[in-house]
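# Inside the fold
Listed below, chain by chain, are the residues.
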Amino acid sequence: MARKAKAGFTPSRAKSLVGVAKVVAPALIPVLAPVIARGAGVLSEQYDRYRARRLGIDVADIGKYSGYGARLHARIVGFSESMETLRATDSDWVSKTEARLAQLLAAVRASERMPTARRKAAHRAVGTDLEMLEQELLRRLNVR
């Protein structure tokens, strides 16, 4: 009867593979290290673009918005920028709203260090208040 060759992983096969790796690895590491580093850089850049797209901001500004409240922070900043068109016609409302946005932004920043349940409740409250302010802005811009 013919012996069947074992296709499995045996101790002698493992020993020979380790020996080959000891010889080949020093030659491959200088070649593969820059490729791996470039690949990690590309992955990091793609992830930053993905996060920026989700937040609705430019990739260059991604460092400004981090943490659990990043999405709310970006919404508040975007909202305050969009109010500039009303400054000339409704400066009283704009100044009151900017004061409220400063309070909301402070709440988002403070909630970063809160326990999860309190942080989520704070984020819900800020989100609800921000939605009401956004609806009022759209009404004042005559967008229905």
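Our subject is the structure that appears above.
The shown structure was predicted, so the numbers you read here are calculated from the model rather than taken from an experiment.

## Observations regarding the pattern of salt bridges
Within this structure, the stated rule accounts for 11 salt bridges. Notably, a salt bridge pairs Asp90 with Arg140, separated by 2.1 Å at the nearest N-O pair. Residue Asp90 is found in the loop between helix H2 (70-82) and helix H3 (91-111), and its partner Arg140 is found in helix H4 (residues 116-140); the two are separated by 50 residues along the sequence. Here Arg140 falls in the partly exposed class, since its relative accessible area comes to 27%.

## Describing a nonpolar patch on the surface
Among the surface-exposed residues, Val20, Val23, Val24, Leu28, Val31, Leu32 and Ile36 lie close enough to one another that they form a single nonpolar patch of about 630 Å² accessible area. Position of Leu32 relative to the elements: it lies in helix H1 (residues 11-55). For Leu32, a relative accessible area of 42% puts it in the partly exposed group.

## A short note on the side chain of Arg119
Relative to the helices and strands, Arg119 is located in helix H4. An unpaired buried charge is present at Arg119: no salt bridge exists, and Glu112, the closest side chain of opposite charge, is 6.1 Å distant. For Arg119, the residues in contact, after removing those within four places along its chain, are Tyr68, Ser111 and Met114.

## Let's talk about the environment of Arg54
Mapped onto the secondary structure, Arg54 falls in helix H1. The sequence separation of Arg54 and Leu101 amounts to 47 residues, and the corresponding C-alpha distance is 21 Å.

## With respect to the nonpolar core
Counting 15 residues, the largest nonpolar core has Ile76, Phe79, Met83, Trp93, Leu101, Leu104 and Leu130 as the members making the most contacts within it. Counting only elements with at least two residues in this core, the list comes to H2, H3 and H4. For this core, the leading source of residues is H3, giving six residues. Residue contacts for Leu104: discarding those within four places in its chain leaves Ile76, Val126, Asp129, Leu130 and Leu133. If you look at the next biggest cluster of nonpolar residues, it comprises seven residues, including Ala52, Leu55, Tyr65 and Ala74.

## Observations concerning the packing of H2 against H4
Here H2 crosses H4 at 20°, and the two axes come no closer than 11 Å. Here H2 lies roughly parallel to H4, going by the angle between them. By crossing handedness, the relation of H2 to H4 is classed as left-handed. Residues Leu72, Arg75, Ile76, Phe79 and Ser82 of H2 form the contact with H4, whose participating residues are His123, Val126, Gly127, Leu130, Glu131, Leu133, Glu134 and Leu137. For the contact of H2 with H4, the class distribution of residues is seven nonpolar, three polar and three charged.

What counts, and at which threshold
- Residues numbered from 1 in each chain as written.
- Predicted model: local features only at pLDDT ≥ 70, side-chain atom pairs only at ≥ 80, totals over all residues.
- Heavy atoms only, no water.
- Salt bridge = Lys/Arg side-chain N within 4 Å of Asp/Glu carboxyl O.
- Helix = DSSP H or I, 4+ residues; strand = E, 2+ residues; numbered from the N terminus.
- Buried < 20%, exposed > 50% of the residue type's maximum accessible area, 1.4 Å probe, protein only.
- Patch = residues over 30% accessible without salt bridge, like charges linked within 9 Å, V, L, I, M, F, W, Y side chains within 5 Å.
- Areas by Shrake-Rupley, 256 points an atom, 1.4 Å probe, with all protein chains shown as cover.
- Lys, Arg positive; Asp, Glu negative; His and termini not counted.
- Contact = heavy atoms within 4.5 Å.
- Core = buried A, V, L, I, M, F, W, Y, C linked by side-chain atoms within 4.5 Å.
- Axes fitted to C-alpha atoms, helices over the stretch in contact; angles between N-to-C directions.
- Parallel < 35°, antiparallel > 145°, perpendicular 65-115°, else oblique.
- Left-handed = near helix turned anticlockwise from the far one by under 90°.
- Nonpolar A, V, L, I, M, F, W, Y, C, P; charged D, E, K, R; others polar.

Scope: geometric values only; no functional claims are made or implied.
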